[in-house]
Amino acid sequence: MPPYQGGGDMISFVTFEKTHYNTLPYKFEAGTPNIAGVIGLGAAIDYVSAVGLERISKYEQELLEYASRKLSEIEDVRFIGTAKEKACIISFIFGDIHAHDVGTVLDREGIAIRTGHHCAMPVMERFGVPATARASLAFYNTKEEIDTLAEALKNVKKVFGR
Amino acid sequence: MSDLRDLYQEVILEHNNKPRNFRVLADANRKQEGFNPLCGDRIQLYLRVENGQIKDIGFQGSGCAISKASASLMTSTVKGKSEAEAVEIFEKVHGMLAGQTEHCGDLESMGRLGALSGVCEFPARVKCASLAWHTLKSALENKDGVTSTE
């Protein structure tokens, strides 16, 4: 298969007559490799391994259970996606308050969530919602932060007089 | 940092709760759809334009409070105006949303549209507010198809 890009280590040697490509995978990896990215990935793997994947998973499940319980206590919060063994994220809609408005108010309280159709328009159609708000939790989040989120959601209601 | 109340002013909240002209015009002679693909806000705009005057206007759609209130304010402002006047108002609002100071500093002449002035401090929300206005402009220019804010 001929390479679609040239340059860097994808060359073995070049003469006037012929270009000899390097062996695989170098032949298809033209140009300067993503050196910073590789080093960063290595550091991330070291970090996650040091903490321990099982510990992370266990803690995230605890966070998810806690957040699900906390947020379900707030009137008008409806979860989208409640699979038994889902990742540590919570997608929800909040009464008739649009996700973007939820996001802006939370942002002002220092809470970053994602809002919108999450590049998954057909799923929005399936659930009959224009957009969802989504809190993505990870092992560096705490239960206190979930409490802050729950309080901030109550403030969202106040802003919109609900 | 701007206060939330600069964005969600009373006028905005009120128009979000009770949008004006939120209806389909059965006798519309111009229709235009506006869509913001990034956030999913949608608007269908209906106009009845006779002899260069916007006799009636209505909209439908789904979106956030800002986009809905902006559409409501837009329709109630341009109803009864000439097409040329509507384009003039569009230019003013467009400047205000873009945070151009000559417009931001001229709020008094904007009347209740001044309620949209806080949006320019929230860059992520400018497109929510401008969608209805861009859709109006396309409708006045009689452009076919979907107007996008992208």
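Just so you know, these numbers come straight off a predicted model, no measurement behind them. (Residues numbered from 1 in each chain as written. Chains lettered and ligands numbered in written order. Predicted model: local features only at pLDDT ≥ 70, side-chain atom pairs only at ≥ 80, totals over all residues. Heavy atoms only, no water.)

Concerning the nonpolar core
Reasoning step 1: Within the largest apolar cluster, 70 residues are counted, with the highest numbers of intra-cluster contacts made by Leu153 of chain A together with Tyr8 of chain B.
Reasoning step 2: Top contributing element to this core by residue count: helix α6 (residues 126-140) of chain B, with eight residues.
Reasoning step 3: Excluding anything up to four places from it in sequence, Tyr8 of chain B contacts His100, Asp101, Thr104, Val105, Val159 and Phe160 of chain A together with Leu13, Ala65, Ile66 and Arg125 of chain B. (Core = buried A, V, L, I, M, F, W, Y, C linked by side-chain atoms within 4.5 Å. Buried < 20%, exposed > 50% of the residue type's maximum accessible area, 1.4 Å probe, protein only. Helix = DSSP H or I, 4+ residues; strand = E, 2+ residues; numbered from the N terminus. Contact = heavy atoms within 4.5 Å.)

Some words on unusual backbone geometry
Reasoning step 1: Note the cis peptide between Leu24 of chain A and Pro25 of chain A, where omega equals 5 degrees.
Reasoning step 2: In this structure, Pro25 of chain A sits in the loop between β2 (19-21) and α1 (35-51).
Reasoning step 3: Even without a glycine there, the phi angle at His118 of chain A is positive, about 55 degrees.
Reasoning step 4: For His118 of chain A, the position within the fold is in the loop between β5 (114-116) and α4 (121-127).
Reasoning step 5: Unusually for a residue other than glycine, Asn51 of chain B sits at a positive phi of about 50 degrees.
Reasoning step 6: Structurally, Asn51 of chain B is set in the loop between β2 (41-50) and β3 (53-62).

Regarding the state of the cysteines
Reasoning step 1: The final tally for this structure, using the stated rule, is zero disulfides over all chains.
Reasoning step 2: Just so you know, Cys64 of chain B is unpaired, no disulfide at all, and the nearest cysteine sulfur is the one on Cys128 of chain B, 3.8 Å from it. (Disulfide = S-S within 2.5 Å.)

Considerations on the confidence of the model for chain B
Reasoning step 1: The predicted model of chain B has a mean per-residue pLDDT of 88, with 89% of residues at 70 or higher.
Reasoning step 2: Summarising per-element confidence for chain B, the mean pLDDT is lowest in helix α5 (residues 101-104) of chain B (54) and highest in helix α3 (residues 65-78) of chain B (96). (pLDDT = per-residue confidence, 0-100.)

Some words on the sheet that holds strand β6 (residues 132-136) of chain A
Sheet strands pair by backbone hydrogen bonding; their relative direction is either parallel or antiparallel.
Residues and elements named next belong to chain A.
Reasoning step 1: The antiparallel open sheet is built from four strands, whose spatial order is β3-β4-β6-β5. Each of the sheet's edge strands pairs with one partner strand only, and the pair in question is β3 (77-80) and β5. Between one strand axis and the next, the sheet turns through 30 degrees on average, direction left out of account.
Reasoning step 2: Running over the sheet, helix α2 (residues 53-72) touches β3 and β4 (89-94) and is turned about 10 degrees from β4. (Pairing = 2+ DSSP bridges. Axes fitted to C-alpha atoms, helices over the stretch in contact; angles between N-to-C directions.)

Remarks on the sheet that holds strand β4 (residues 146-148) of chain B
Residues and elements named next belong to chain B.
Reasoning step 1: Taken in spatial order, the four strands line up as β3-β2-β1-β4 in an open sheet, and their pairing is mixed. Edge strands, defined here as strands with exactly one partner in the open sheet, are β3 and β4. On average, each strand axis in the sheet is tilted by 25 degrees relative to the strand beside it, whichever way the strands run.
Reasoning step 2: Pairing between β2 and β3: nine bridges, direction antiparallel. Bridge assignment links Leu45 to a residue of β3, and that residue is Phe59.
Reasoning step 3: Strands β2 and β3 of the sheet are contacted by α3, whose axis makes an angle of about 170 degrees with β3.
Reasoning step 4: Seen against the sheet, α6 touches β1 (30-36), β2, β3 and β4 and runs at an angle of roughly 35 degrees to β2.

Some thoughts on the interface of chain A and chain B
Reasoning step 1: With 13 residues of chain A at the contact, the number on the chain B side is 22 residues.
Reasoning step 2: Where chain A meets chain B, there are one salt bridge.
Reasoning step 3: Applying the counting criterion to the chain A and chain B interface returns seven residue pairs in polar contact (both at pLDDT 80 or more).
Reasoning step 4: Every element with two or more residues in the side of chain A that touches chain B is listed here: α3 (99-108) and α5 (143-159) of chain A.
Reasoning step 5: Here the element with the most residues in the side of chain A that touches chain B is α3 of chain A; it accounts for five residues.
Reasoning step 6: Here the residues of the side of chain A that touches chain B are counted per class, giving five nonpolar, four polar and four charged. (Salt bridge = Lys/Arg side-chain N within 4 Å of Asp/Glu carboxyl O. Polar contact = N/O pair within 3.5 Å; in protein donor to acceptor, adjacent residues only side chain to side chain. Nonpolar A, V, L, I, M, F, W, Y, C, P; charged D, E, K, R; others polar.)

Describing the packing of helix α4 (residues 83-97) of chain B against α6 of chain B
All names here are of chain B.
Reasoning step 1: Where α4 meets α6, the axes come as close as 10 Å, and the angle between the chain directions of the two elements is 155 degrees. Of the possible angle classes, the one that applies to α4 and α6 is roughly antiparallel. For the element pair α4 and α6, the recorded crossing hand is left-handed. Between α4 and α6, the residues in contact are Glu83, Ala86, Val87, Ile89, Phe90, Glu91, Val93, His94 and Leu97 and Val126, Ala129, Ser130, Trp133, His134, Lys137 and Leu140, respectively.
Reasoning step 2: Of the residues contributing to the contact of α4 with α6, the split by class is 10 nonpolar, three polar and three charged. (Parallel < 35°, antiparallel > 145°, perpendicular 65-115°, else oblique. Left-handed = near helix turned anticlockwise from the far one by under 90°.)

Description of the packing of helix α2 (residues 10-17) of chain B against α3 of chain B
Each pair of packed helices gets described by two things: the angle between the helix axes and the distance between those axes.
Residue and element names in this part refer to chain B.
Reasoning step 1: One can describe the packing of α2 onto α3 by two numbers: an axis separation of 8 Å at closest approach and a directional angle of 90 degrees. Here α2 is positioned roughly perpendicular relative to α3, judged by the angle of their axes. Across from Val11, Ile12, His15 and Asn16 in α2, the residues of α3 making contact are Ala65, Ile66, Lys68, Ala69, Ser72, Leu73 and Ser76.
Reasoning step 2: Split into classes, the residues belonging to the contact of α2 with α3 amount to six nonpolar, four polar and one charged.

A closer look at α2 of chain A
Think of an α-helix as 3.6 residues a turn; residues three or four steps apart then line up on the same face.
All names here are of chain A.
Reasoning step 1: With 20 residues, α2 extends 28 Å from end C-alpha to end C-alpha; this agrees with the ideal 28 Å at 1.5 Å per step.
Reasoning step 2: When we look at burial in α2, the residues that qualify are Ile56, Glu60, Leu63, Leu64, Tyr66, Ala67 and Leu71.
Reasoning step 3: Where the residues of α2 are buried, they touch α1, β3, β4 and α5. (Expected span 1.5 Å × (residues − 1).)

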